[in-house]
Amino acid sequence: MLELEFNNSVLTAHLSGELDHHSAAVIRKKIDSKTEALKPKTLKLDYKDVQFMDSSGIGLIMGRYRQMSLIGGNVEVTNVPPHLKRMFSLSGIDTLGVMK
Amino acid sequence: MKCINEVKFKFPAKSSNEAFARGAVSAFIMQLDPTISELSDIKTSVSEAVTNSIVHGYLGKGGEIYITVKIFEENIVSIKIRDKGCGIEDIEKAMEPLFTTGGDERAGLGFAVMQSFMDSIKVTSKIGKGTTVTLKKRITKNDP
Ligand SMILES: Nc1ncnc2c1ncn2[C@@H]1O[C@H](COP(=O)(O)OP(=O)(O)O)[C@@H](O)[C@H]1O
Ligand SMILES: [Mg+2]
């Protein structure tokens, strides 16, 4: 569901499985406590292994974007699989400049 | 239009039931042999509506959620998701993309997703009584 990796001030969160309001709440708490402790410059959210996602997966990015802005860091979203593309384009999240 | 199959179920408005709800609807619809993308559209939309009942309708305090799935002739699926929660004051405004009363972690995209992923959506609501969302989609016939 979530694997965290810290390297050269980059915190990478590998997300997997089903991302909904229930699982996003658990993931958010884990990421935020790590971010608070490590103060990374960049938070990378890797969507490669996300099999299912509703709009909570977009809310997760928007929330982390705010959190990272507060400590002067940035967010990068990577490896969005084809089956999630429609959700991402509908959300307009690319206007935040986080899509890599 | 003739209804040829129907299932009804209810469950407590707990976030741990979100996966169950979309899974149960999707299992019932399997008999129509939907494409992977049709099934995913339906699961996503059900997840949005159920989450809304839990988060907004019952404000996280719990209650019952009622789902009715009907299959009509010509492969049309109708899914009704109902709560007896707080209701929506201005439905038109609530359905605008990015509108949310849910704070920082809500994207305000639930209704936009349901509108885009399903053929039609109908929302009825009464303050203090609750909200009903009816989603419809026609499944393409996979002729052998
Ligand atoms: N079942 C419901 N009961 C009460 N209010 C609701 C319900 N569903 C949606 N709403 C209202 O509509 C708004 C928009 O919903 P939605 O598009 O799903 O975005 P989000 O859930 O991210 O806020 C919600 O913030 C809430 O104010
Ligand atoms: Mg919603």
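Residues numbered from 1 in each chain as written. Chains lettered and ligands numbered in written order. Predicted model: local features only at pLDDT ≥ 70, side-chain atom pairs only at ≥ 80, totals over all residues. Heavy atoms only, no water.

Draft legend 1. Quick look at the sheet that holds strand β3 (residues 76–83) of chain B. Residues and elements named next belong to chain B. Judged by pairing direction, the sheet is antiparallel, and its 5 strands sit side by side in the order β1-β2-β3-β5-β4 without closing on themselves. Edge positions in the sheet fall to β1 (3–12) and β4 (120–126), since each has one partner strand and no second. For this sheet, the mean inter-axis angle between neighbouring strands, taken without regard to orientation, is 10°. Pairing geometry for strand β2 (residues 64–72) and β3, over 8 bridges, is antiparallel. When the sheet's bridge partners are listed, isoleucine 71 is paired in β3 with valine 77. Here helix α1 (residues 18–29) sits on the sheet in contact with β1, β2 and β3, set at roughly 165° to β1. (Pairing = 2+ DSSP bridges. Helix = DSSP H or I, 4+ residues; strand = E, 2+ residues; numbered from the N terminus. Axes fitted to C-alpha atoms, helices over the stretch in contact; angles between N-to-C directions. Contact = heavy atoms within 4.5 Å.)

Draft legend 2. Highlighting the site of ligand 1. Residue and element names in this part refer to chain B. Taken together, 19 residues form the shell around ligand 1, and within it Asn52, His56, Thr100, Thr101 and Gly108 come nearest. Note that an oxygen atom of ligand 1 is positioned 3.4 Å from one of the backbone N or O atoms of alanine 107. Glycine 108 is positioned with one of its backbone polar atoms (N or O) 2.7 Å from an oxygen atom of ligand 1. Contact with the protein chains hides 96% of the accessible area of ligand 1, taken as 540 Å² for the molecule alone. Counting residues per element, the ones that place at least two in the shell around ligand 1 are α2 (36–57) and α4 (110–117). Looking at side-chain class alone, the shell around ligand 1 contains 7 nonpolar, 10 polar and 2 charged residues. (Near = heavy atom within 4 Å. Polar contact = N/O pair within 3.5 Å; in protein donor to acceptor, adjacent residues only side chain to side chain. Areas by Shrake-Rupley, 256 points an atom, 1.4 Å probe, with all protein chains shown as cover. Nonpolar A, V, L, I, M, F, W, Y, C, P; charged D, E, K, R; others polar.)

What is shown is where atoms sit, not what they do.
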